[in-house]
Amino acid sequence: MNKSKFLKIFTDCYLIEGDNGYLIYDLLRQKLLSISQTAYNVLAEIDGKNIDSIISKFGDDITKIIDYFLKEEICFLTDSPKSFPKISENTYFENECYSAIIEIGTSTNYNYTKVINDLNLLGCQMLMISIKSNSDISSEEVLNIFGATTNSFFKSIDVIVPSSFESIFSMDFFNNNIRVSSVTYLDSKQLKTEENKSFVQIKRIKDKELNWTEKIIPTNFTFTLKSFMESKKYNIALNRKICVDEFGFIKNYINHQKHFGNLSDATTSISQVFRSSEFQKKWEISNDLIEKCKSCKFRYCCFSNTDLHYSNKKWYKANYCEDFTHVKENVN
């Protein structure tokens, strides 16, 4: 090892501390590396330092840690550490609305085609259409829904329908509705997940209805450079999301208790509610501001739609995950 070089942590690798351990978020390769407290403290101190000075302070054994992180491509050697500034944490959103859910059931009397058109005007990118098993909607009406998405800005549409509608989702349908990325069939006897020839994920589940209460598990943790930066300032699950339940109530998420009006009221509109400060309030409640979550090492990759409440000048989640303390550490 050339002792005249400087050690530098890659700018897309972030050291994150939590009560439940220490992680390196590798944003480029979208992976997490669990490390010990010792490794965390050493890396935080030696970043940008000269190898010779590092060895002088920590001793020759420090080279074992350095070699490991060089091999893992967390660090690199350079002659000019100041030539690698930190990545900007500024966030920029191309569209007002990122995602939306509309639910259709037997009690639905709002104009869901108009809702889809209004979401399109907000630049919504991700849409979920959930048709409940008790809905009396016809096959023709289901197909008409997608007519409103034909010339839209939606990048991806997820569909949840009773298995009785499976026959209408033919290859011709998928060829004509290229924005549809997944279809989930409820109350299905044939339980399997597959990808069809149009690269649409097809799921068949036994549940008659979706359970909107999430179960947070480590295998669902995910992040990108963009979502990581967003999660440092925003609630990445609720930010720029809007939902309409089967009764026409507008919410931050389908199973939240609080609503912001009903579409049966002619004076209520999607855009009006979406742009209101009251509706957007929870968008900026990041995990760094929520009790328990703020001290978790997974706080920047945990995606949870659970409701939030404010009490005694602190933010809390309505539902918390289990404590994830079992991740094996890679460095001692």
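Model, not experiment: these values are computed from the prediction.

Engineer: Describe the sheet that holds strand E2 (residues 13-18), listing the residues and the values that go with them.
Structural biologist: Pairing is antiparallel across the open sheet formed by three strands, whose spatial order is E2-E3-E4. Both outer strands of the open sheet, E2 and strand E4 (31-35), are each paired with one neighbouring strand and no more. On average, adjacent strands in this sheet sit at an angle of 25 degrees to one another, irrespective of strand direction. Two strands pair when backbone bridges link them, and E2 and strand E3 (residues 21-26) are joined in this way by six bridges, in the antiparallel orientation. If you follow Cys13 over to E3, its bridge partner there is Asp26.

Engineer: So what about the nonpolar core? Which residues, and what values?
Structural biologist: One finds Leu119, Phe146, Phe169 and Val183 to be the most contacted residues of the largest nonpolar core, which totals 43 residues. Looking at this core element by element, the count peaks at four residues for helix H4 (residues 112-121). Not counting the four nearest positions on each side in its chain, Leu119 is found in contact with Ala100, Ile102, Cys124, Leu127, Phe154, Ile242 and Ile270. The next biggest cluster of nonpolar side chains, apart from the first, holds 21 residues, and it includes Tyr22, Tyr40, Ile51 and Ile74.

Engineer: Run through the environment of Asp265, naming residues and quoting values.
Structural biologist: With respect to the helices, strands and loops of the structure, Asp265 is situated in the loop between strand E13 (250-251) and helix H8 (270-274). Between the C-alpha atoms of Asp265 and Ser277, which are 12 residues apart in sequence, the distance is 20 Å.

Engineer: Which residues make up the packing of helix H2 (residues 51-58) against helix H3 (residues 62-71), and what are the values?
Structural biologist: H3 packs onto H2 with a crossing angle of 135 degrees between their chain directions and a minimal axis gap of 9 Å. One element, H2, and the other, H3, form an angle in the oblique class. Contacts from Ile51, Ile54, Ile55 and Phe58 in H2 reach Ile62, Thr63 and Ile66 in H3. Along the lines of polarity and charge, the residues of the contact of H2 with H3 split into six nonpolar, one polar and no charged.

Engineer: Explain the packing of aromatic side chains to me, and be specific about the residues and the numbers.
Structural biologist: Overall, the coordinates contain 24 aromatic pairs when judged by the stated rule. Seen from their ring centres, Trp212 and Tyr253 are 5.9 Å apart, and the 85 degrees between their planes marks the pair as edge-to-face. Remark: Tyr253 occurs in the loop between E13 and H8 and Trp212 occurs in the loop between strand E11 (201-204) and helix H7 (225-231); sequence separation between them is 41 residues. Taken individually, Trp212 and Tyr253 each receive the classification buried, so the pair is uniform in this respect. Three or more aromatic residues joined by ring pairs make a cluster, and in this case those are Tyr14, Tyr25, Phe223, Phe228 and Tyr300. Taking the ring centre of Tyr300 as reference, the NZ or CZ of Lys232 above it sits at 4.6 Å.

Engineer: Give me the pattern of salt bridges: which residues, what numbers.
Structural biologist: All told, the structure shown has 16 salt bridges when counted by the stated rule. Residue Arg204 pairs with Glu166 through a salt bridge whose shortest N-O separation is 2.7 Å. Residue Arg204 is found in strand E11, and its partner Glu166 is found in the loop between strand E8 (156-162) and helix H6 (171-176); the two are separated by 38 residues along the sequence. For Arg204, a relative accessible area of 10% corresponds to the buried category. Overlapping salt bridges bring together Glu166, Lys192, Glu194 and Arg204 as one network.

Engineer: Got a sec to walk through unusual backbone geometry? Specific residues and values, please.
Structural biologist: Look at Phe199: it is not a glycine, yet its phi comes out positive at around 65 degrees. Looking at the element boundaries, Phe199 is found in the loop between strand E10 (193-195) and E11. Unusually for a residue other than glycine, Lys292 sits at a positive phi of about 75 degrees. Among the structural elements, Lys292 can be located in the loop between helix H9 (277-280) and strand E14 (308-311). By relative accessible area, Lys292 is classed as partly exposed at 35%.

Engineer: Quick one: what's the story with the pairing of E3, residue by residue and with numbers?
Structural biologist: Extensive coverage of E3 is indicated by the burial of six of its six residues. Side chains Gly21, Leu23 and Tyr25 project from E3 onto one buried face, and the interleaved Tyr22, Ile24 and Asp26 project onto a second face that is buried too. Between E2 and E3, which pair antiparallel one after the other, the connecting turn spans two residues.

Engineer: Tell me about the sheet that holds E11, and please be specific about residues and values.
Structural biologist: What the eight strands build is an open sheet, ordered E10-E11-E9-E8-E7-E6-E12-E13; its pairing is mixed. Each edge of the sheet is formed by a strand with only one pairing partner; in this case those strands are E10 and E13. Bridge analysis of strand E7 (residues 126-131) against E8 gives five bridges, and the strand direction is parallel. Across the sheet, residue Met128 finds its bridge partner in E8, namely Asp158. Taken strand by strand, H4 contacts strand E6 (99-104), E7 and strand E12 (241-244), and its axis lies near 180 degrees from that of E6.

Engineer: Explain H2 to me, and be specific about the residues and the numbers.
Structural biologist: Those residues of H2 lying buried are Ile51, Ile54 and Ile55. Along H2, the residues classed as buried sweep out an arc of 95 degrees about the axis, all on the same side. When the buried face of H2 is taken as reference, the exposed residues oriented beyond 90 degrees from it are Ser56 and Lys57. Among the structural elements, strand E1 (6-9), helix H1 (37-46), H3 and strand E5 (75-78) are those in contact with the buried residues of H2. Of the residues that open H2, the one with a side-chain oxygen 2.9 Å from the backbone nitrogen of Asp52 is Asn50.

Scoring rules and cut-offs
- Residues numbered from 1 in each chain as written.
- Predicted model: local features only at pLDDT ≥ 70, side-chain atom pairs only at ≥ 80, totals over all residues.
- Heavy atoms only, no water.
- Pairing = 2+ DSSP bridges.
- Helix = DSSP H or I, 4+ residues; strand = E, 2+ residues; numbered from the N terminus.
- Axes fitted to C-alpha atoms, helices over the stretch in contact; angles between N-to-C directions.
- Core = buried A, V, L, I, M, F, W, Y, C linked by side-chain atoms within 4.5 Å.
- Buried < 20%, exposed > 50% of the residue type's maximum accessible area, 1.4 Å probe, protein only.
- Contact = heavy atoms within 4.5 Å.
- Parallel < 35°, antiparallel > 145°, perpendicular 65-115°, else oblique.
- Nonpolar A, V, L, I, M, F, W, Y, C, P; charged D, E, K, R; others polar.
- Phe/Tyr/Trp six-rings, centres within 6.5 Å; stacked < 30°, edge-to-face > 60°.
- Lys NZ or Arg CZ within 6 Å of the ring centre and 35° of its normal.
- Salt bridge = Lys/Arg side-chain N within 4 Å of Asp/Glu carboxyl O.
- Arc of directions from axis to C-beta.
- Polar contact = N/O pair within 3.5 Å; in protein donor to acceptor, adjacent residues only side chain to side chain.

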